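The lines below spell out each chain.
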Protein chains: 2
Amino acid sequence: MQNLLNRAVLLRSRPRGEPKLSDFELVESPVPSPGEGEFLCRTIYLSLDPYMRGRMNDVKSYAQPAELGKPMVGGAVSEVVASNNPAFPTGSFVVGSTGWQAYAVSRGAGVRKLDPKAAPLSTALGVLGMPGMTAYVGLLDIGQPKPGETIVVSAAAGAVGSVVGQIAKIRGCRAVGVAGSEAKCEFVVKELGFDACVNHRSEPLVPALQEACPKGIDVYFDNVGGDVLAAVLRLLNPFARIPLCGLISQYNAAELPPGPNLFPLLANRALVRGFIVSDHGDRFADFYRDCVPWLREGRVRYREDVVVGLENAPEAFIGLLRGRNFGKLVVRVGADPTAKSC
Amino acid sequence: MQNLLNRAVLLRSRPRGEPKLSDFELVESPVPSPGEGEFLCRTIYLSLDPYMRGRMNDVKSYAQPAELGKPMVGGAVSEVVASNNPAFPTGSFVVGSTGWQAYAVSRGAGVRKLDPKAAPLSTALGVLGMPGMTAYVGLLDIGQPKPGETIVVSAAAGAVGSVVGQIAKIRGCRAVGVAGSEAKCEFVVKELGFDACVNHRSEPLVPALQEACPKGIDVYFDNVGGDVLAAVLRLLNPFARIPLCGLISQYNAAELPPGPNLFPLLANRALVRGFIVSDHGDRFADFYRDCVPWLREGRVRYREDVVVGLENAPEAFIGLLRGRNFGKLVVRVGADPTAKSC
């Protein structure tokens, strides 16, 4: 392995506001050798997710900040290419938090083996991974949708939102998306089977949502906060539930903006509950048991936005925070030997 | 009864912003006679509560608005002075929604009989009535405090807040109040036994709360919203719970102000849940069973702010929304034959 070159994207500076390309740095170094009990991962797919923006800040939140001068944190699918750990032999495929780099050494903590026959490897970063699990736990455990209820989800064409609406349909609900372009809205309705989708960039939100939700809103799975959340609050039904999954609209804000007036929560005895998927690991087996057949039967579909080359990760990530991606954003860092075609 | 004169405070106009005396009108009329199955209530104590401000607006919220030209809505303790209903004989004492008037006819819907030996009659409007029950349900069922946790409550010297903190102490928690004057803060700590109380009018809120809550905030029982809520959010502990009981700070606002940024809910996986006590009638028996002995044993204490004369109700109510009352605000409309002294 000593002859191979590793490549990594380091966090070079902490952005104030929107990240710039100069906040990242691509560096090369020798590929590390696995020590006792360790194994070497060759990254195939790197996941890019909105939560990473928070890790770039020097603020202790639910997780430690990413360190300056170290590879950016992130989940990835890898092939084990050298191993001193019998649980992760050479040739196995794994998913874990190995960061924005081409090679990484692991001891196996937080790493899960993948069966490449069960589903395409990249799905371990999306529909069958953290985003899918986030949708499952947030919608079912916190949102507690009942058949016939209306579920609204923002960032509906994204990795989490697309799964939220499809599970809502499986549970007999009306699923309404909010997305940022006509093309995304069309995809959400025609490909994913949502009942309606509102384009928040072109339509006045409250009347458009009202038309899409003639019986009001029972569950709002929020990925974005901001104007969409404020509009939804005006259409809540009594005893509505709002799983608060993300606030993407403010992740680049230098100063936190005010939030929505909370009177509708009072009048409707509604609930807002923040959640972090990593608290809900005990539900992964249920999620996987349900979601693999949904995927096989075509009841849950997904779209990926694949960027090629680790060097393009910073630009793709900046675009993600602007809503430029279309589907689950992944970076193909290295060859996928299980893929049918390149 | 035809010789007696009834007096009532009608809602004359719907205020925009703070209510004015001219939004109310005191009128006289003959005392009504109870028909078949009805009984006549002579009002002793009228309750004044912040929720009444919402009823003055022409907006359907969780309850219908008060009607223009009709007596203002409100709970009261009364003596039955004539009866065609054997369940409520003459001479019995009752609490019910009989409105801002000296006499009212009822069929018994929503009316509860009182035992004047169990506790002073006026407590049926405060510590043993709707406000006490609100504190009990909001703190225990929604806040779910655990021993050793820190509970903060706003409007801590008021009818609801004072009970919240005392129940928190009974449950082995640290109880911290927020109130609007030094005198109220002193009362909350010295008379009610809270561990600390912050004067939101004189102290910079975040550092004062931080000092009062060295281990952070686990439950915030919110009666006021606004700046206090925003400050509390900065000090939340992971998995904190916020029973949202009221938003008094904005009840007089002509336009709803923005709310707090909700990022702390996400980072701390915290919950905000609006609630209305009338949804929780099934818990009244538990509340009463617990609270009567607490009161007898002096573990829950209360303070009343008694205004004399129905004609003074509008001014007292306007003062309530400004925080001028000190303790549970009631209007003595008629003589209390069970009181030891006047």
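The rules behind each value
Residues numbered from 1 in each chain as written. Chains lettered and ligands numbered in written order. Predicted model: local features only at pLDDT ≥ 70, side-chain atom pairs only at ≥ 80, totals over all residues. Helix = DSSP H or I, 4+ residues; strand = E, 2+ residues; numbered from the N terminus. Rg over C-alpha atoms; globule rule 2.2 N^0.38 Å. Buried ≥ 20, exposed ≤ 12 C-beta atoms within 10 Å, placed from the backbone. Contact = placed C-beta atoms within 7 Å. Least-squares fit on C-alpha atoms with pLDDT ≥ 70 in both. Domains from an automatic or database assignment. Nonpolar A, V, L, I, M, F, W, Y, C, P; charged D, E, K, R; others polar. Core = buried A, V, L, I, M, F, W, Y, C linked by C-beta atoms within 7 Å. Pairing = 2+ DSSP bridges. Axes fitted to C-alpha atoms, helices over the stretch in contact; angles between N-to-C directions. Parallel < 35°, antiparallel > 145°, perpendicular 65-115°, else oblique. Left-handed = near helix turned anticlockwise from the far one by under 90°.

**Q** I'd like a rundown of the overall build of chain A, residues and numbers included.
**A** Each helix and strand counted, chain A has 9 helices and 15 strands in total. A compact globule built from 342 residues would reach a C-alpha radius of gyration of about 20 Å, and chain A, at 20 Å, matches this within 12%. Residues counted as buried form 52% of the 342 residues belonging to chain A. For chain A, the proportion of contacts with a sequence separation of at least 24, taken over those separated by at least 6, is 66%.

**Q** Account for the relation of the copies chain A and chain B, naming residues and giving values.
**A** For the pair chain A and chain B, the best superposition has an RMSD of 0.0 Å and corresponds to a rotation of 180° with a translation of 0.0 Å parallel to the axis. When the rotation and shift are considered jointly, the pair of chain copies conforms to a two-fold rotation axis. Of all interface residues in chain A, 100% are interface residues in chain B too; the two copies therefore contact each other through one and the same surface.

**Q** Explain unusual backbone geometry to me, using residue names and the numbers behind them.
**A** A positive phi angle, close to 50°, is found at A:A155, a residue other than glycine. Residue A:A155 is classed as buried on the basis of its 27 C-beta neighbours within 10 Å. Residues other than glycine seldom take positive phi values, yet B:R269 does so here, at roughly 50°. Here B:R269 is to be found in the loop between α7 (263-267) and β13 (271-274).

**Q** Go over helix α2 (residues 130-143) of chain A, please, and point to the residues and values.
**A** All names here are of chain A. Of all 14 residues making up α2, 12 are buried, and the element is well covered by its neighbours. For α2, the complete set of buried residues consists of M130, P131, G132, M133, T134, A135, Y136, V137, G138, L139, I142 and G143. In the segment just after α2, Q144 is the residue with positive phi, at about 45°.

**Q** Give a description of the domain arrangement of chain A that names residues and reports values.
**A** Residue and element names in this part refer to chain A. Its domain assignment divides chain A into domain 1 (5-126 + 303-332) and domain 2 (130-280 + 288-294). Between the C-alpha centres of domain 1 and domain 2 the distance comes to 27 Å. Across the contact, 17 residues belong to domain 1 and 15 residues belong to domain 2. Residue composition of the side of domain 1 that touches domain 2, by class: 6 nonpolar, 6 polar and 5 charged.

**Q** Can you explain the nonpolar core? Please cite residues and give values.
**A** Residues A:V232 and B:V232 are the most contacted members of the largest nonpolar core, which totals 229 residues. Here A:V232 is in contact with A:V152, A:L209, A:I217 and A:Y220, once residues within four sequence places are set aside.

**Q** Tell me about the sheet that holds strand β11 (residues 217-221) of chain B, residues and numbers included.
**A** Pairing between sheet strands relies on hydrogen bonds along the backbone, with the strands arranged either parallel or antiparallel. What the 12 strands build is an open sheet, ordered β10(A)-β9(A)-β8(A)-β11(A)-β12(A)-β13(A)-β13(B)-β12(B)-β11(B)-β8(B)-β9(B)-β10(B); its pairing is mixed. Bordering the open sheet on either side are β10 (196-199) of chain A together with β10 (196-199) of chain B, each of which pairs with just one other strand. Geometrically, the sheet is characterised by an average inter-axis angle of 15° between neighbouring strands, direction not taken into account. Inspection of the sheet shows strand β13 (residues 271-274) of chain A paired to β13(B) by 3 bridges, in the antiparallel sense. Residue pairing for β13(B): A:R273 is matched across the bridge by B:L271. α2(A) contacts β8 (150-154), β11 (217-221), β12 (236-244) and β13 of chain A of the sheet and is inclined by roughly 140° relative to β12(A).

**Q** Please give an account of the packing of helix α2 (residues 130-143) of chain B against helix α3 (residues 159-170) of chain B that cites residues and values.
**A** Residue and element names in this part refer to chain B. Packing of α2 against α3 brings their axes to within 8 Å, and their N-to-C directions diverge by 45°. On the basis of their axis angle, the class for α2 and α3 is oblique. Relative to α3, the crossing made by α2 is right-handed. Across from P131, G132, T134, A135, Y136 and L139 in α2, the residues of α3 making contact are A159, V160, V163, V164, I167 and A168. Residues that form the contact of α2 with α3 fall into these classes: 10 nonpolar, 2 polar and no charged.

**Q** Talk me through the packing of helix α5 (residues 205-212) of chain A against helix α6 (residues 226-233) of chain A; I want residue IDs and the actual numbers.
**A** All names here are of chain A. Between α5 and α6, whose axes approach to 9 Å, the crossing angle comes to 55°. Classified by the angle their axes make, α5 and α6 are oblique. The two elements α5 and α6 meet at a crossing, and its hand is right-handed. Residues L205, V206 and L209 of α5 form the contact with α6, whose participating residues are D227, V228, A231 and V232.

**Q** Provide a residue-level description of the pairing of strand β15 (residues 328-332) of chain A, including the pertinent values.
**A** All names here are of chain A. The buried fraction of β15 is high, at 5 of 5 residues. Burial of β15 is two-sided: the residues K328, V330 and R332 facing one way and the residues L329 and V331 facing the other way are all buried. The pairing of strand β3 (residues 39-47) with β15 spans 3 bridges and is classified as antiparallel. Bridge pairing in β15 places L46 opposite V331. Here strand β14 (residues 304-308) runs beside β15; their pairing, made up of 5 bridges, is parallel. Bridged to E304 within β15 is K328.

**Q** Now, about the environment of A:L26: what can you tell me, with residues and values included?
**A** Within the secondary structure layout, A:L26 lies in strand β2 (residues 24-30). Setting aside anything within four residues of it in sequence, one finds A:L26 in contact with A:R7, A:V9 and A:E311.

**Q** Lay out the environment of A:V272 in plain terms, naming residues and giving numbers.
**A** On the secondary structure map, A:V272 appears in strand β13. Residue A:V272 is classed as buried on the basis of its 28 C-beta neighbours within 10 Å. Each C-alpha atom, one on A:V272 and one on A:F221, is 9.7 Å from the other, the two residues being 51 residues apart in sequence. Excluding residues within four positions of it along the chain, A:V272 makes contact with A:I242, A:L244, A:L265, B:L262, B:L265 and B:V272.

**Q** Lay out the environment of A:N57 in plain terms, naming residues and giving numbers.
**A** Residues and elements named next belong to chain A. Within the secondary structure, N57 is located in the loop between α1 (51-55) and β4 (76-83). Taking the C-beta count within 10 Å as the criterion, N57 has 14 such neighbours and is therefore assigned partly exposed. Distance from N57 to S154, taken between C-alpha atoms, is 24 Å for residues 97 residues apart in sequence. Excluding anything up to four places from it in sequence, N57 contacts R14 and P65.

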